[in-house]
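Given next are the chains, with one letter for each unit.
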Amino acid sequence: MRRTGPVQITERDRKVMKFAFEQRAISYDQIRCRLFESTKRPTVQYRLGRLVRDGYLSKIGIPSGGSLELIYGLTEKGFNVVRKDYRFEITQAYFKSDSYLHDVALTDIRTRLEKSAMFEDYISENMLQACGELTTSLEYGPFGTVNSDAVLVLRGQEKSFRLALEFEASEKSGVRYGKKLTEYYFSHDIVAALYVCGDARIEKSIRRVDSEFESQFEPKIYTCTMDVVRSGASPLPFTNRKNATFLLR
């Protein structure tokens, strides 16, 4: 007989809420694959349903690819659970998504990057904006200033290094790309930005704008399409305007 009283928060529930805090929007499949891998679907649905019912998570259905995708987010009640023992001090109540499908796709990208041997850490945009010690730090503050989608911390041969991560799901104007790329090129603390592009047309647009910086700066922008990311290619290739490739192994 299933319980009908208030849900008792488990360590796995906390992990779900922390994941929702970091990514702002996560799908049912992403939660199941990450935190309920060996659990049967009805059990996962029941557990998430209880967290929604008791006000820790929100749930909406978003049309995607001809079906309805269930997407979960954090509520204020869930946020208060997360901030009690999060690995960084949370100083701003940021946890809501402005673009569900963008954030869900970015979560897929994160999952792929975490499989790389070079992977060390992933600092999401929400973490950059909500955690005061990241906002003010010399290492991560510059990424927050330019509103990077994430910071990817990778293992090098001698030491770790940090790269910006951006996901462009839809084509924007050249002016908007130019503004963002200008911020990256004028930031001495960010060595490069990896752009995952929704399709080849978006990648071409970013490359075209990046070419305008050719006379002033060595390339900082490396691109790859979402199809390549989803293909499971390893190493994962990111290419700059000079056709030099950074291989994420």
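Located above this text is the structure these notes cover.
These lines cover the structure that appears in this document, whether it is placed above or below.

Reading the values: rules and limits
Residues numbered from 1 in each chain as written. Predicted model: local features only at pLDDT ≥ 70, side-chain atom pairs only at ≥ 80, totals over all residues. Heavy atoms only, no water. 1 Å grid on protein atoms, 1.4 Å probe; cavity = no way out; pocket = protein on both sides within 12 Å on 5 of 7 lines; lining within 4 Å. Points joined across faces, edges and corners; volume = space filled by probe spheres on them. Helix = DSSP H or I, 4+ residues; strand = E, 2+ residues; numbered from the N terminus. Core = buried A, V, L, I, M, F, W, Y, C linked by side-chain atoms within 4.5 Å. Buried < 20%, exposed > 50% of the residue type's maximum accessible area, 1.4 Å probe, protein only. Contact = heavy atoms within 4.5 Å. Axes fitted to C-alpha atoms, helices over the stretch in contact; angles between N-to-C directions. Parallel < 35°, antiparallel > 145°, perpendicular 65-115°, else oblique. Left-handed = near helix turned anticlockwise from the far one by under 90°. Nonpolar A, V, L, I, M, F, W, Y, C, P; charged D, E, K, R; others polar. Salt bridge = Lys/Arg side-chain N within 4 Å of Asp/Glu carboxyl O. Arc of directions from axis to C-beta. Pairing = 2+ DSSP bridges.

Side note on the layout of surface pockets
Then, number 1: Of the pockets and cavities examined, the largest pocket occupies roughly 540 Å³.
Then, number 2: Considering the residues around the largest pocket, the lining is formed by 22 residues, among which Asp-149, Glu-168, Lys-172, Arg-176 and Lys-180 are closest to the centre.
Then, number 3: Of all the secondary structure elements, the ones that give two or more residues to the lining of the largest pocket are α5 (100-113), β6 (160-168) and α9 (174-185).
Then, number 4: Broken down by element, the residue count for the lining of the largest pocket peaks at 5 residues, all from α9.

Remarks on the nonpolar core
Then, number 1: Ranked by internal contacts, the top residues of the largest apolar core, which has 50 residues, are Phe-21, Leu-48, Leu-57 and Leu-74.
Then, number 2: Residue contacts for Phe-21: discarding those within four places in its chain leaves Leu-74, Phe-79, Val-82, Tyr-86, Ile-90, Tyr-94, Phe-95, Asn-126, Met-127, Ala-130 and Cys-131.
Then, number 3: With 24 residues, the next largest nonpolar core counts Tyr-122, Leu-152, Leu-154 and Leu-248 among its residues.

Quick look at the packing of helix α1 (residues 11-23) against α5
Then, number 1: Interaxial distance between α1 and α5 falls to 10 Å at its minimum, and their mutual angle equals 110°. In terms of their interaxial angle, α1 and α5 are classed as roughly perpendicular. Regarding α1 and α5, the two cross each other, and that crossing is right-handed. Contacts between α1 and α5 pair Phe-19, Glu-22 and Gln-23 from the former with Asp-103, Leu-106, Thr-107 and Arg-110 from the latter.
Then, number 2: Split into classes, the residues belonging to the contact of α1 with α5 amount to 2 nonpolar, 2 polar and 3 charged.

Some points on the pattern of salt bridges
Then, number 1: One pass over the structure, following the stated rule, counts 17 salt bridges.
Then, number 2: Residue Arg-53 pairs with Asp-54 through a salt bridge whose shortest N-O separation is 2.9 Å.
Then, number 3: A residue is classified by how much of its surface remains accessible, and Arg-53, at 46% relative accessible area, is partly exposed.
Then, number 4: Put simply, Lys-179 and Glu-183 hold a salt bridge, and the shortest N to O gap is 3.2 Å. Here Glu-183 and Lys-179 lie together in helix α9, a separation of 4 residues that amounts to about one turn.
Then, number 5: A relative accessible area of 55% means that Lys-179 is categorised as exposed.
Then, number 6: Within the structure, one salt-bridge network assembled from shared partners comprises Glu-22, Arg-34, Arg-110 and Glu-114.

Points about helix α2 (residues 28-35)
Then, number 1: Taken as a whole, α2 has its buried residues at Tyr-28, Gln-30, Ile-31 and Leu-35. Within α2, the buried residues cover an arc of 165° as seen down the axis, which keeps them to one side.
Then, number 2: Contact partners of the buried residues in α2: α1, β1 (26-27), α3 (41-53), β3 (67-74) and α5.

As for unusual backbone geometry
Then, number 1: With an omega of 0°, the peptide bond running from Ser-234 to Pro-235 counts as cis.
Then, number 2: Take Pro-235: it is sitting in the loop between α11 (226-231) and β9 (236-239).
Then, number 3: The backbone phi angle of Arg-24 is positive, close to 75°, even though this residue is not glycine.
Then, number 4: Following the sequence through the fold, Arg-24 ends up in the loop between α1 and β1.

Let's talk about the pairing of β3
Where a strand is regular, its side chains alternate between the two sheet faces.
Then, number 1: As judged from the 2 bridges shared by β1 and β3, these two strands associate in the antiparallel manner. By the bridge assignment for β3, Ile-26 is matched with Tyr-72.

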